[in-house]
Amino acid sequence: MAFPATRMRRLRRTDALRALVRETELAVSDLVYPMFVEHGIDRRRPVEAMPGVERLSISHAVEEAGEAHALGVPAVLLFGIPAEKDELGSGAYDDEGVVQLAVRALKEAHPDLIVITDVCLCEYTSHGHCGAVREDGYVDNDRSLELLARTAVSHARAGADAVAPSDMMDGRVGALRAQLDSEGFTELPLIAYSAKFASAFYGPFREAADSTPAFGDRRAYQMDPANGDEAVREALLDVEEGADIVMVKPALPYLDVVRRVKDATGLPVAAYNVSGEYAMIKAAAAAGHLDERATVLEALTGIRRAGADIVITYHAKDVARWLS
Ligand code: PBG
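As the structure is a prediction and not an experimental result, all values here were calculated from the model.

The rules behind these values
- Residues numbered from 1 in each chain as written.
- Predicted model: local features only at pLDDT ≥ 70, side-chain atom pairs only at ≥ 80, totals over all residues.
- Heavy atoms only, no water.
- Patch = residues over 30% accessible without salt bridge, like charges linked within 9 Å, V, L, I, M, F, W, Y side chains within 5 Å.
- Areas by Shrake-Rupley, 256 points an atom, 1.4 Å probe, with all protein chains shown as cover.
- Salt bridge = Lys/Arg side-chain N within 4 Å of Asp/Glu carboxyl O.
- Helix = DSSP H or I, 4+ residues; strand = E, 2+ residues; numbered from the N terminus.
- Buried < 20%, exposed > 50% of the residue type's maximum accessible area, 1.4 Å probe, protein only.
- 1 Å grid on protein atoms, 1.4 Å probe; cavity = no way out; pocket = protein on both sides within 12 Å on 5 of 7 lines; lining within 4 Å.
- Points joined across faces, edges and corners; volume = space filled by probe spheres on them.
- Nonpolar A, V, L, I, M, F, W, Y, C, P; charged D, E, K, R; others polar.
- Axes fitted to C-alpha atoms, helices over the stretch in contact; angles between N-to-C directions.
- Parallel < 35°, antiparallel > 145°, perpendicular 65-115°, else oblique.
- Left-handed = near helix turned anticlockwise from the far one by under 90°.
- Contact = heavy atoms within 4.5 Å.
- Near = heavy atom within 4 Å.
- Polar contact = N/O pair within 3.5 Å; in protein donor to acceptor, adjacent residues only side chain to side chain.
- Core = buried A, V, L, I, M, F, W, Y, C linked by side-chain atoms within 4.5 Å.
- pLDDT = per-residue confidence, 0-100.

Draft legend 1. Region of interest: a nonpolar patch on the surface. On the surface, Leu 11, Leu 20 and Val 21 cluster together into a nonpolar patch covering about 300 Å² of accessible area. For Leu 11, the location among the structural elements is in the segment before helix 1 (15-21). Overall, the relative accessible area of 46% leaves Leu 11 in the partly exposed class.

Draft legend 2. Region of interest: empty space enclosed by the protein. Enumeration over the complete set of coordinates arrives at two cavities of 30 Å³ or more. The space that makes up the largest cavity amounts to roughly 130 Å³. Taken together, 18 residues make up the lining of the largest cavity; nearest its centre are Cys 122, Lys 196, Tyr 202, Phe 205 and Lys 249. Here the lining of the largest cavity is built from residues that sort into eight nonpolar, four polar and six charged. Estimates place the volume of the second largest cavity at around 70 Å³. Taken together, Tyr 33, Pro 34, Met 35, Phe 36, Gly 52, Val 53, Glu 54, Leu 56 and Glu 64 make up the lining of the second largest cavity. When residues in the lining of the second largest cavity are grouped by element, the largest group, four residues, is from strand 1 (residues 31-38). Per-class residue counts for the lining of the second largest cavity are six nonpolar, one polar and two charged.

Draft legend 3. Representation of the packing of helix 9 (residues 275-286) against helix 10 (residues 292-306) in the model. One way to put it is that helix 9 packs onto helix 10 with a least axis distance of 10 Å and a crossing angle of 155°. Considering the angle they form, helix 9 stands roughly antiparallel to helix 10. Seen from above, helix 9 lies across helix 10 with right-handed handedness. On the side of helix 9, the interface is formed by Ile 281, Lys 282 and Ala 285, while helix 10 contributes Glu 292, Thr 295, Val 296 and Ala 299. Tallied by class, residues from the contact of helix 9 with helix 10 come to four nonpolar, one polar and two charged.

Draft legend 4. Layout of the site of the ligand. Around the ligand sit 18 residues in total, of which Arg 206, Gln 222, Lys 249, Ser 275 and Tyr 314 are the nearest. At 2.7 Å from an oxygen atom of the ligand is found a side-chain nitrogen or oxygen belonging to Ser 275. Notes on the ligand: free accessible area 400 Å², of which the protein chains cover 100%. Each residue belonging to the shell around the ligand can be placed in one class, and the counts come to nine nonpolar, three polar and six charged.

Draft legend 5. The arrangement of unusual backbone geometry in detail. In this structure, the amide linkage connecting Phe 3 to the following residue, Pro 4, adopts the cis form with an omega of 10°. Following the sequence through the fold, Pro 4 ends up in the segment before helix 1. Even without being glycine, Asp 210 reaches a positive phi, approximately 55°. With respect to the element layout, Asp 210 can be found in the loop between helix 6 (203-209) and helix 7 (229-241). Exposure remark for Asp 210: the relative accessible area of 40% places this residue in the partly exposed category.

Draft legend 6. Focus on the nonpolar core. Of all hydrophobic cores here, the largest spans 79 residues; its most connected members are Met 35, Val 76, Leu 78, Leu 180, Val 257 and Val 319. A total of eight residues in this core trace back to one element, the largest contributor, which is helix 4 (residues 141-158). When near neighbours in sequence (up to four residues on either side) are disregarded, Val 257 contacts Ala 195, Phe 197, Ala 231 and Val 248. Grouped together as the second largest cluster of nonpolar side chains are 27 residues, Val 32, Val 53, Tyr 202 and Ile 245 included.

Draft legend 7. Just the confidence of the model for the chain, in detail. Considering every residue of the chain, the mean pLDDT works out to 97; 100% of them sit at 70 or more. Per-element confidence in the chain ranges from a low mean pLDDT of 92 for helix 6 to a high of 99 for strand 12 (residues 310-313).

Draft legend 8. Structural detail: the packing of helix 2 (residues 58-70) against helix 3 (residues 98-109). At their nearest, the axes of helix 2 and helix 3 sit 9 Å apart, and the two run at 45° to each other. Compared by their axis directions, helix 2 and helix 3 come out oblique. As for the relative orientation of helix 2 and helix 3, their crossing is right-handed in sense. Residues Ile 58, Ala 61, Val 62 and Ala 65 of helix 2 touch helix 3, and the partners they reach there are Val 98, Leu 101, Ala 102, Ala 105, Leu 106 and Ala 109. Partitioning the contact of helix 2 with helix 3 into residue classes produces ten nonpolar, no polar and no charged.

Okay, here's the thing in C-alpha cells:
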C-alpha cells in the first residue's frame, strides 16, 4: 500500500516510537578495546595520529583496562611493542615477552576482563613483516605457521582468554588450533582475522605499534580491497579450520563484506574499526567539522547493522560513557 495510506513518518514522530521500532542496538557489551603495551617504558606515550590512544607500560595498561572494564567494556585486545626486534620475531613467542607479562598482570588485576591477544609477528620482526621472510624477500607461509602457533600457545600459557591471529598466512587457524589443542588449550576460543584487507587505513596503527614494513608492503598476504567473494572464501576456510569467531577488517569501507561473511558463516562476526577510521573522525571533530559523539555512534551502529556482533574500536571507552 502506498501513500497516503502508508506514511513512514508515523513511526518516527516521537523518541518513544522511534525506540520501539529500532532494529539495531549498539551496546557496550559488544565492544572490544584495543591497547598497545610497550616493553620497558614507565609512562604513557601518546600516538600522534590517534588522540586519546597511547602506548602504555604494563602498569598503565592495568590501569587503563581497569577503567574500560569499570565502564562496562567487557574485553581488551592486546598488541605488544617489544624492547628488541629480530628477523624471526622471537619477542612474540617469548614467555617473558611484553604481551605475556601484560596478560598475567591484567588477569591478576581484573580476572573478569576478557583479555584477547593479537597473534602476529610484525611488531616483533626487524623487517616489520607478519611472518618469517625468505632470502628473496617473500614471506614464507609454512615457516611462519610454526612461529605463530608458538606465539598463540605462549599467550595461552600466560592466561589469555582468546587469541586472534592477524597475520593472514594460509592455514594459520588450523595450525594454531592443533597446537593449542595438543598443549591442552582445547577450550581457548580462536578469533580469526579472516578477511583482513591490505588497507591504507592501518597507517596510524603502524606508528602506534611500530610495525611499518621495512621493505615492500603486505599485499602478498593481506587481501585486495576489491575482492568480496574471496573474503567469503577466506572466512569459510577459517570456519573449516576451527575459528570460533570470524573478523572483517577494516570495518567501514567493508560493510558489504561484514554482511556477506555473517550470512555465509552464521558465526559471531567481529568487525575492526581500525586506526585510520578512528583518526579520520578525531581529526574532523578536532577541526570542528563533525560532532564526534554523533558521528561515532552512527558509524558503530552502521557496523552493527551490517551484521557485526562484536565491534573492536578505539572509541570503546567514550562509547561506554555516552551509552551509560
Ligand atoms: C598486524 C595488525 C595490524 C592491525 C591489527 N593487527 C596492522 C597491519 O596489518 O599492518 C591494524 C589495526 C589498526 O589499524 O587499527 N598484525
